[in-house]
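# Geometric and topological summary
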Amino acid sequence: MGSPSPESEPIKVAIATGNGVGVTEHFGYATDFQIWDVSTSTPRLLETRRNIPGCGADRSAAQQRDPLDVSVDLVADCRAVVVAKIGECGVNRLAELNILAFETDDTVDSVVRELAESSLLRERCPA
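Below: a short report on this structure. Numbering of residues starts from 1 in each chain and follows the order in which that chain's sequence is written. The model is predicted, so local features are restricted to residues of pLDDT at least 70 and side-chain atom pairs to those at 80 or more, both for listing and for counting; the totals for chains, interfaces and linings are taken over all residues. Think of the side-chain values as coming from all heavy atoms in the structure, minus any hydrogens and water.

### As for the side chain of Thr-104
To be explicit about the condition: Each helix is a run of H or I in the DSSP string that is no shorter than four residues. Each strand is a run of E no shorter than two, and both are numbered from the N terminus. Counting of polar contacts relies on pairs of N or O atoms within 3.5 Å, with two restrictions inside protein: one atom must be capable of donating a hydrogen and the other of accepting it, and residues adjacent in sequence are counted only when both atoms are side-chain atoms. By the convention used here, residues are in contact when the closest approach between their heavy atoms is within 4.5 Å.
By the element assignment, Thr-104 lies in the loop between strand E5 (100-103) and helix H3 (108-117). Side-chain polar atoms of Thr-104 contact the backbone nitrogen of Asp-106, separated by 3.1 Å. Not counting the four nearest positions on each side in its chain, Thr-104 is found in contact with Val-23, Val-82, Val-83, Ala-84 and Val-111.

The structure is reproduced here in structure tokens:
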């Protein structure tokens, strides 16, 4: 058996949700990201990742990293991030990693179904 085909690789999407039902969180304030595989017509939840929000974080001299970097690193293996809101700085940091950012107030279910049915993320180069 050879190496897995590109189609078998998960297409990961991070969704900022505070309640597991709706896209409710701003990227900079999100405490949790659900990571979904949308590579097939039946999306599946892979995991929930706990985040240390970048906005409002302690920016003391003792802190070694920019708090936003922590959030960006948490979703760096995803092809897209879906949030209620995201600032220009967050969009730019994600774009540097070839990660799309989407703003919506839809439900998690409708977002993952729409992304699974779309060819948008499959057409992009792997993250």
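### Some thoughts on the packing of aromatic side chains
So the rule is basically this: We call Phe, Tyr and Trp rings a pair once their centres come within 6.5 Å, taking the six-membered ring for Trp, and we label the pair stacked below 30 degrees between planes, edge-to-face above 60, and tilted otherwise. Each residue gets one of three labels from its accessible area relative to the maximum for its type: buried under 20%, exposed over 50%, partly exposed in between, using a 1.4 Å probe on protein chains only.
One pass over the full model with this rule turns up one aromatic pair. Taking 5.7 Å as the distance between ring centres and 50° as the angle between the ring planes, the aromatic pair formed by Phe-27 and Phe-33 counts as tilted. Summarising the burial analysis for this pair, Phe-27 and Phe-33 share the class buried.

### Considerations on the sheet that holds strand E2 (residues 32-37)
This is how it is decided: The rule for pairing is simple: two strands pair if DSSP sees at least two bridges between them. Lines fitted to C-alpha atoms define the axes, with helix axes restricted to the stretch in contact, and inter-axis angles between N-to-C directions lie between 0 and 180 degrees.
What the five strands build is an open sheet, ordered E3-E2-E1-E4-E5; its pairing is mixed. Both outer strands of the open sheet, strand E3 (44-50) and E5, are each paired with one neighbouring strand and no more. The sheet shows a mean angle of 25° between the axes of neighbouring strands, direction not considered. One ladder, built from three bridges, connects strand E1 (residues 12-16) with strand E4 (residues 80-83); its direction is parallel. Bridge pairing in E4 places Ile-15 opposite Val-82.

### Description of the nonpolar core
Inclusion rule: Residues belong to one nonpolar core when they are buried, are Ala, Val, Leu, Ile, Met, Phe, Trp, Tyr or Cys, and are joined through side-chain atoms within 4.5 Å.
In this structure, Ala-14, Phe-27, Phe-33, Val-75, Val-81, Val-83 and Leu-94 are the most contacted members of the largest nonpolar core, which totals 15 residues. When residues of this core are traced back to their parent elements, those giving at least two are E1, E2, helix H1 (67-74) and E4. Excluding residues within four positions of it along the chain, Ala-14 makes contact with Phe-33, Gln-34, Ile-35, Val-75, Cys-78, Ala-80, Val-81 and Val-82. Counting 14 residues, the second-largest nonpolar core is a separate cluster that includes Val-38, Val-108, Leu-115 and Ala-116.

Note that all results are geometric; they support no functional claim without further evidence.
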